[in-house]
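An overview of the molecular structure
The lines below spell out each chain.
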Amino acid sequence: MKITKIANRQLLFILFMMRTTVTIAFLPVLTSADAAQDAWVAALFTFLGSAVIVILVAALGAKYPKQTIVEYSTALVSTWPGKVVSAVVLWALFTIAATDVRIYGEVLVTGFLVQTPLAVIIGGMVFVAAVAAWQGIEVIARVADTLFPLFVLMLVLSLGMVVPLVEIRNLQPVMARGLLPVVRGSITPTAIAAQMLVLTMLIPAVTEPNRALATALWALAGSSLVLVVVAVVTVGILGPEQASRSVFPFYVLTRSIEVTEFVQRIEVLPMFAWGFGLFIGIATLIYSLAYGLAQVLGLADYRPLVFPLAALQTTFSVQAYKDVFELLRFFKPRVVGPYILAWFILSLFPLWAAHFIRTVWGSRRQGGSDGQGRVWGQILAVFSFASYRPLCDYQHRLLGSA
Amino acid sequence: MLLIGLFVTISTGCWDRREPELLVFVLSVGFDKEPSGDYKIVAQMFNPLALSQEGSGGGSPGGDKKPSWVVEASGQTPFEARKNLAPMVSRELFWSYTSTVLISEKLAREGIRPIMDLLERERQFRLIARPLVAEGDIKEILASEYPLEGCSGQALLRQLNTGDKMRSIAPVLEMRELINVAAQPGRDLLIAKVKAREVKEDAAGDKEEGVDKIVATQPPIYLGGGAAFCGDRMAGWISDREARGWHWVQGRVRRETLTLVIRPDGEPVSVEIFRVQSQIKPVVKDDQVTMKIKVEVKGRVQDQVSEADLASERKFLLSLEARLATLIKNDIKAALKRAQELDSDFLGFGNAVYRMEPKKWKLLESKWSQVLAQLELDLDVRADVTVAGLIKEPVKMK
């Protein structure tokens, strides 16, 4: 395949827009559990949790700067287990893209285009994104360059106009119910950081792969800052109860305020921003998906896969969730938490184990065989797979019935 | 491929197409309850044809159209009632510009949660609308003629904004705040009250048409006081003065004029308050809660019937300020007394405990009603009269 390169700055823009869009669309720190007025603390926790995910994904990728996960997983845990790992990652990218675009579709169907079928909205967005993906990551990156200032401008405008209406008393009492509600609130948005799995495909395309981890962390920090501000503003204006009950709190907020008699109905600003961010996100996801799949199948070019995948994407996005309630249920911590944990246990945990053993082996005996590392990697893969159930049980015990 | 392209371009634009010519804007909406238990909706629409009247004179199609039309319908749910308006109206009703929501006393006493649900869930309504509880007939309020405004919806909104700016006797909220307050622990709703003109055979109506009639037109509504709620049900009315007490506690006074007699001649002076800051701090000792409320106000002298020379006699000014503080304290006490009578914590004292002493709130929450009944106030009101107006003392008659 032709080698394409994007700057680290562009990667940062892509990741920032992708993450910010989804986390503020339905504000899971607030709506997925009972964090209520402490949603902003949950947003801080989310940053920590997501940082762990980013490190898991990007640090390993940076160790193999010229390879995608498809290539280095084969090297680490041999061919077939490697393909399983790749398949899990691809499935994750596919699901994330489908869910992201579904959320966007639901916002539009709820708030603006009530009669329009979901498939049309989603299909339209996926089609446009697929065109960008077909053009390659360089094009997506350049579009991100163009849209990023607009994206930030819209966010700053919509937030800046509402900030004066914040009432601090809506945020009180702070942390009165202890730590658990906050932890519960941060699980779903942390799980959504699984988006960062695109890094497994993008790192070889970056000009400075060894700095990719820093880039990703900066993107995460930026979007977490936005998330904290949005959480404070939304709760501060709508109040904890009303905001948690909303399906799309930030959208509800922007449409229910009057800045002055002449400046109202500012909901178009965040809607624009979401459109931009989602476009970049979906295009990147489809690109990574097609690129990875082409590598797994040993194809010379990923392009023939883009449009079929886009079609599948649209169908899956419409069919995977029967209605908005099911979509929201998917984002309950006890559903999405274990699900996304499973992805990591089946993909990155064994790879890390294998990598670790390989480096230890390699340093202990010079020229030690890779074969032993692979065997150990496989054993550890089975072991981490076995740990899945206890981990989920532990999460459930910790959270109660969230 | 071409077919698909054609399909996409044609169909996407059409599903949610809306032609402005087919719409009519509802500016104000009222909700009431029928004796049968059905919800009744009263919609005040703005007639776009009346607009063309001004521009093109009498010759236009809308020659003598009235700017406003009021229609009512009922149904088992508020939304069904709204839907039942459709067979009576030639255009599609459009609710995004609805700026005031009137609630009848009967409905308020039976519970307003269904109305809140509709207003919050339905996508056309916007939560910047202002709620009002109406004393008297809603239809009367909406159908009355407002001499200065085009239609009742505009008039109500404007009067709310003006009233909030000029006096602090009606607690004007937006739906957004109302829903927030309703959901907060330890706080009950207080919604502004609007009173319809009493229908009576006024003498002016019998006189000949012309100047007399214009002069004698009664104002159609009076905006002042409020409806205190307990949960989603109205517990009772509160007076202008008690509503003012709420404004002091909340620090929401924008402008309010207080009139009080002063030394040395016992004649009145009007002082306009133009800045207020207030702080609440609960002191909880077992079941006894004391609310420490600190209010700081700044005022200016607006007129003086009294002949006191405030500029040179400092003691008169100090006495004026002390009396102002007492007046404000009495407002707050009156508000609390009414809250205790109605068992409605519209002043949000419980909420102050919840916010500042969340652990103690857990213990008090279930018996808050008893606690409220014995709640005590520790008021610290500081009034400063800082501006004298353009003259410093009354004219000296010689």
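Quantities reported herein were computed from a predicted structural model and do not represent experimental measurements.

1. Considering the interface of chain B and chain A
Across the contact, 15 residues belong to chain B and 22 residues belong to chain A. Sorting the residues of the side of chain B that touches chain A by element identifies helix 8 (175-183) and helix 13 (349-356) of chain B as the ones contributing at least two each. No other element matches the 4 residues that helix 8 of chain B contributes to the side of chain B that touches chain A. Here the residues of the side of chain B that touches chain A sort into 7 nonpolar, 3 polar and 5 charged.

2. Observations concerning the nonpolar core
Residue and element names in this part refer to chain A. In terms of nonpolar packing, the biggest core is built from 141 residues, with Leu93, Ala194, Met196, Ala231, Ile282, Ile286 and Ala290 touching the most fellow members. The element best represented in this core is helix 13 (residues 268-297), accounting for 16 residues. With residues near it in sequence (within four places) discarded, Ile286 still touches Ala97, Ala129, Ala130, Ala133, Val306, Leu309, Ala310 and Gln313.

3. Examining the packing of helix 1 (residues 8-25) of chain A against helix 13 of chain A
All names here are of chain A. Remark: helix 1 packs on helix 13, axes separated minimally by 8 Å, with the N-to-C direction vectors making an angle of 120°. Relative to helix 13, the element helix 1 is oriented oblique. The two elements helix 1 and helix 13 meet at a crossing, and its hand is left-handed. Contacts between helix 1 and helix 13 involve Ile14, Met17, Met18, Thr20, Thr21 and Ala25 from the former and Trp274, Phe276, Gly277, Leu278, Ile280, Gly281 and Thr284 from the latter. When grouped by side-chain class, the residues that make up the contact of helix 1 with helix 13 number 8 nonpolar, 5 polar and no charged.

4. Examining the environment of Thr95 of chain A
Residues and elements named next belong to chain A. Within the fold, Thr95 resides in helix 5 (residues 79-111). On the neighbour-count criterion, Thr95 (20 C-beta atoms within 10 Å) is buried. Expressed as a C-alpha distance, the spacing of Thr95 and Gln313, which sit 218 residues apart in the sequence, is 8.4 Å.

5. Some thoughts on helix 7 (residues 137-162) of chain A
All names here are of chain A. The terminal C-alpha atoms of helix 7 lie 36 Å apart, and with 26 residues this matches the ideal 38 Å at 1.5 Å per residue to within 8%. At Leu147, helix 7 shows its maximal kink, close to 40°; a proline, Pro149, follows between one and four residues later. Of all the positions in helix 7, only Ile137, Ile140, Ala141, Ala144, Leu147, Phe148, Phe151, Met154, Leu155, Ser158 and Val162 are classed as buried. As for helix 7, its buried residues are in contact with helix 1, helix 6 (118-135), helix 9 (199-202), helix 10 (212-238), helix 12 (249-255) and helix 13.

6. Structural notes on the sheet that holds strand 11 (residues 267-285) of chain B
Residues and elements named next belong to chain B. Spatially, the 4 strands line up as an open sheet ordered 10-11-12-13, and their pairing is mixed. Unpaired on one side and paired on the other, strand 10 (256-262) and strand 13 (376-387) mark the two borders of the sheet. If you compare each strand with its neighbour and ignore which way they point, the axes differ by 35° on average. The pairing of strand 10 with strand 11 spans 7 bridges and is antiparallel. Among the inter-strand pairings, Thr257 is bridged to a residue of strand 11, identified as Glu272. Here helix 12 (residues 314-342) sits on the sheet in contact with strand 10, strand 11, strand 12 (288-304) and strand 13, set at roughly 140° to strand 13. Lying over the sheet, helix 13 contacts strand 11 and strand 12, oriented at roughly 45° with respect to strand 11.

7. Points about the confidence of the model for chain A
Put simply, chain A has an average pLDDT of 84, and 91% of its residues get 70 or more. When pLDDT is averaged over each element of chain A, helix 6 of chain A comes out on top at 91 and helix 18 (residues 370-386) of chain A at the bottom at 65.

Rules used in this analysis
- Residues numbered from 1 in each chain as written.
- Chains lettered and ligands numbered in written order.
- Predicted model: local features only at pLDDT ≥ 70, side-chain atom pairs only at ≥ 80, totals over all residues.
- Contact = placed C-beta atoms within 7 Å.
- Helix = DSSP H or I, 4+ residues; strand = E, 2+ residues; numbered from the N terminus.
- Nonpolar A, V, L, I, M, F, W, Y, C, P; charged D, E, K, R; others polar.
- Core = buried A, V, L, I, M, F, W, Y, C linked by C-beta atoms within 7 Å.
- Buried ≥ 20, exposed ≤ 12 C-beta atoms within 10 Å, placed from the backbone.
- Axes fitted to C-alpha atoms, helices over the stretch in contact; angles between N-to-C directions.
- Parallel < 35°, antiparallel > 145°, perpendicular 65-115°, else oblique.
- Left-handed = near helix turned anticlockwise from the far one by under 90°.
- Expected span 1.5 Å × (residues − 1).
- Bend = angle between axes of the 7 residues up to and from the residue.
- Pairing = 2+ DSSP bridges.
- pLDDT = per-residue confidence, 0-100.

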